[in-house]
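As a plain string of letters, each chain reads:
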Amino acid sequence: MKRLHYWIALFVLAAAVSPAVGSEPLYQPVGAPADPKVPVQWNRYYDYAQATALLQEFAAEHDELATLESLGQSYGGREVWLLTISNPQTGPHHRKPAFWIDGGIHGNEIQSTEVTLYTAWYLLERYGRNEFITRLVDERTFYIVPMLSPDARDAHMHEPASTHTPRTGMRPFDADRDGLFDEDPPNDLDGDGHITQMRVRDPNGRYIPHPKYPNVMIRAEPGEPGQYRLLGPEGYDTDGDGRINEDPPGGYDPNRDWPWQWQPEYVQRGAGPYPLWVGPNRNAAEFILDHPNIAAAHSHHNAAGMIVRGPGLKTDRWEPADVAVFDALAERGEKVLPSYRYVKMADDLYEGHGAEADWLYAMRGIFAFTMELFSPENFFRETDAGRFFASEETRAKFDRMLLFGDGFVPWREVDHPQYGRIEVGGMKKNWGRQPPSFMLEEECHRAMAFSLYHADQMPQVQLQRLEARAMGDGLFEVTAAFANPKLMPTRAAVDVARDITPPDIARIEGEDLTIVTGLGSEDQFFLDATEQAHEPERLRIPAIPGMGAVHVRWVVKGSPPWTVSLRSMKGGLVEQEVGLFRCKVQASPM
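This one's a predicted model, so the numbers in the text were calculated from it and none came from an experiment.

Draft legend 1. Region of the structure containing the side chain of His 300. Tracing the backbone shows His 300 in strand E9 (residues 294–302). Dropping the residues within four chain positions of it, His 300 is found in contact with Ile 101, Asp 102, Gly 103, Gly 104, Ser 112, Val 115, Thr 116, Met 371, Leu 373 and Ser 451.

Put into structure tokens, the structure is as follows:
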């Protein structure tokens, strides 16, 4: 009888939690759909094959909004995937203001890929359900590259590694300049898949186990005897040159490979032999060059919880007007990403040549942030002395209280070819730089929310005013005001100063039309009007400022109707037919 009651109760419970066929789930949480077309767990990490399968499913299940293509192959033969998200019914993707998102340029910074995947998934799954998301996908384009270094991502996941490796790509590289390539990598001495630390008992050593967290080694106080000498990450002298782990796989830095302020190896370690030497970077750069509609970008990294803008060098100077835009954007970022700090790379972190975000801004006029994901303050919602990473003590405390010892490898004895009997142990590769499972989805969502705000603040040209009136003697005056209600200008100040992309073009066209003169002005009364004598039918406008407008006027001969338009590389297109004395203003898709 008890067994019968058990099965009856189980049946009732199953019926209670299972929705009827064809109905919505019983309860929809705010923030994400409970019944997505593509169900995904966001409390775990995906390797290259799994991430590829997700991208393919995104594109298949949402083929009306998403297309998947390869930018090319990595050194290891893996496709570098690009997912394009936009509504083609509202215009071609390459003629809308576009937002570039990439992740995984450093293979060990693995949550950077999950954030990009989550962003793509959220845009697709919430389209048609959320007004803001729907408008964003209608008006904007998103170019999403989740894995710029797919070889290194898989190497971190499937081969022995530490939380910090491999930062490099996996193309063979002579890191120690001895004529050999990748000949002395770290070695997993205990075979557990983690490259941890080595220690040896030594009465003259200066390290002791932490009194509360014995997996953590700390320096002995002055006057206090030590117990151990630390020998560095697991490994031995593979090539017999007296050094350990000096030439691991790769050895270059894909984020020191970009053309702006690039310098060779003897100046900038990790730069490689020449700019864009790294194949996936070169392919990405070529795509960006071919798509001048890209107005903004987020490049995802880890860790430290920072919203980083350039310049990467203290000697470099950015346009003050652009800095003001960066500042305003980052103010929102600090709100949606609590405990994140807005910093300048050269002044607040370190100097570095050839960074991707610097190239995006200085040579493409793109408002780009480097996102250093996961703040050390996330552990206990308290500051950790402003550290880049949380202290080992903080991580050990969190590990004990919330991970129940899952984050560290206990110290154990092994035989070392050169050192004899030693011990290995310490932090696992999947702990330290990336969120644990239960914190990952929140990190993904908050980082995405900042990306979407930034994307919404890309320029968007609008036709605010359009008038035509007869002047007598067959002459007509046509006046238009083109506005940009977003924070970002249609062209960054650096773009204008360096002529990176063409100026915005205000045009009037018609079958019976002769242009007498064309004027541009920053004010509606044309008190400071400037005449353009050459090609007045195509008035060249340097930029429409954020939250601002420009005004144009033509004196023409002919018979209406005529079409007035403004095309901006990064701000989109508006056009309208104009007749005499009245016109209906509306934006049209590109």
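Draft legend 2. Region of interest: the pairing of strand E1 (residues 66–73). Both E1 and strand E2 (residues 79–85) contribute to a ladder of six bridges, which runs antiparallel. Counterpart to Ser 70 in the pairing with E2 is Trp 81. Adjacent in sequence and paired antiparallel, E1 and E2 are bridged by five residues, among which Gly 77 carries a positive phi angle near 85 degrees.

Draft legend 3. Structural view of the sheet that holds strand E10 (residues 306–309). Pairing is mixed in the open sheet, where eight strands are placed in the order E1-E2-E4-E3-E9-E12-E10-E11. A single partner strand is all that each edge strand has here, and the edge strands are E1 and strand E11 (341–344). Sheet twist, expressed as the average angle between the axes of neighbouring strands with direction ignored, equals 20 degrees. Note: strand E3 (residues 98–102) against strand E4 (residues 141–145), five bridges, orientation parallel. Residue Ala 98 lies in a different strand from E4, and its bridge partner there is Thr 141. Against the sheet, helix H2 (residues 48–61) engages E1 and E2, with an angle of about 30 degrees to E2.

Draft legend 4. Quick peek at the nonpolar core. Ranked by internal contacts, the top residues of the largest apolar core, which has 86 residues, are Phe 58, Ile 85, Trp 100, Trp 121 and Phe 142. Leave out the neighbours within four places in its chain, and Phe 58 touches Val 38, Val 40, Ala 66, Leu 83, Leu 117, Ala 120, Trp 121 and Leu 124.

Draft legend 5. Broad picture of the packing of aromatic side chains. Taken as a whole and judged by the stated rule, the model has 26 aromatic pairs. Aromatic side chains Trp 100 and Phe 287 sit 6.0 Å apart centroid to centroid with 40 degrees between the ring planes, which places their arrangement in the tilted category. In this pair, Trp 100 sits in strand E3 while Phe 287 sits in helix H6 (residues 279–290), placing the two residues 187 residues apart along the sequence. A centroid spacing of 5.8 Å and a plane angle of 70 degrees characterise the contact between Phe 326 and Tyr 361, whose relative ring orientation is edge-to-face. With Phe 326 in helix H7 (residues 320–336) and Tyr 361 in helix H9 (residues 356–364), the pair connects residues that are 35 residues apart, well separated along the chain. In this structure, Phe 326 and Tyr 361 share a single accessibility class: buried. In this structure, Arg 78 packs its charged tip against the face of Tyr 48, placed 5.9 Å from the ring centre. Just above the ring of Tyr 228 sits the side chain of Arg 199; from NZ or CZ to the centre is 4.0 Å.

Draft legend 6. Region of interest: H7. Counted at 1.5 Å a residue, the expected span for H7 with its 17 residues is 24 Å, and the 25 Å between its end C-alpha atoms agrees. Along H7, the positions that sit buried rather than exposed are Asp 322, Val 323, Val 325, Phe 326, Leu 329, Ala 330 and Gly 333. On an axial view of H7, the arc spanned by its buried residues comes to 155 degrees, and they lie on one face. In H7, those exposed residues whose orientation departs by more than 90 degrees from the buried face are Pro 320 and Lys 335. Summarising the contacts, the buried residues of H7 are in contact with E10, E11, H9, strand E12 (367–373), helix H11 (437–456) and helix H12 (493–498).

Reading guide: rules and limits
Numbering of residues starts from 1 in every chain and runs along the sequence as written. In keeping with the predicted nature of the model, local features appear solely for residues at pLDDT of at least 70, side-chain atom pairs appear and are counted solely at 80 or more, and the whole-chain, interface and lining totals rest on all residues. To get the side-chain values, take all heavy atoms of the structure and skip hydrogens and water. Secondary structure elements follow DSSP: runs of H or I no shorter than four residues count as helices, runs of E no shorter than two count as strands, and numbering proceeds from the N terminus. Every residue pair with non-hydrogen atoms within 4.5 Å of one another is taken to be in contact. Any two strands are treated as partners once DSSP identifies two or more bridges connecting them. To define axes, lines are fitted to C-alpha atoms, for helices over the stretch in contact only, and angles between the resulting N-to-C directions are given on a 0 to 180 degree scale. Only buried residues count toward a nonpolar core. Its members are Ala, Val, Leu, Ile, Met, Phe, Trp, Tyr and Cys residues joined through side-chain atoms within 4.5 Å. Exposed residues in this analysis have more than 50% of their type's maximum accessible area, buried residues have under 20%, and partly exposed residues fall in between, with area computed by a 1.4 Å probe over protein chains only. Each pair of aromatic rings taken from Phe, Tyr and Trp, with Trp reduced to its six-membered ring, is defined by centres within 6.5 Å and is described as stacked if the planes are under 30 degrees apart, edge-to-face if over 60, and tilted in the remaining cases. Criterion for a charge above a ring: Lys NZ or Arg CZ within 6 Å of the ring centre, and within 35 degrees of the ring normal. Expected span, for any helix, means 1.5 Å times one less than how many residues it has. Arc definition: it is the arc formed by the directions from the helix axis to the C-beta atoms.

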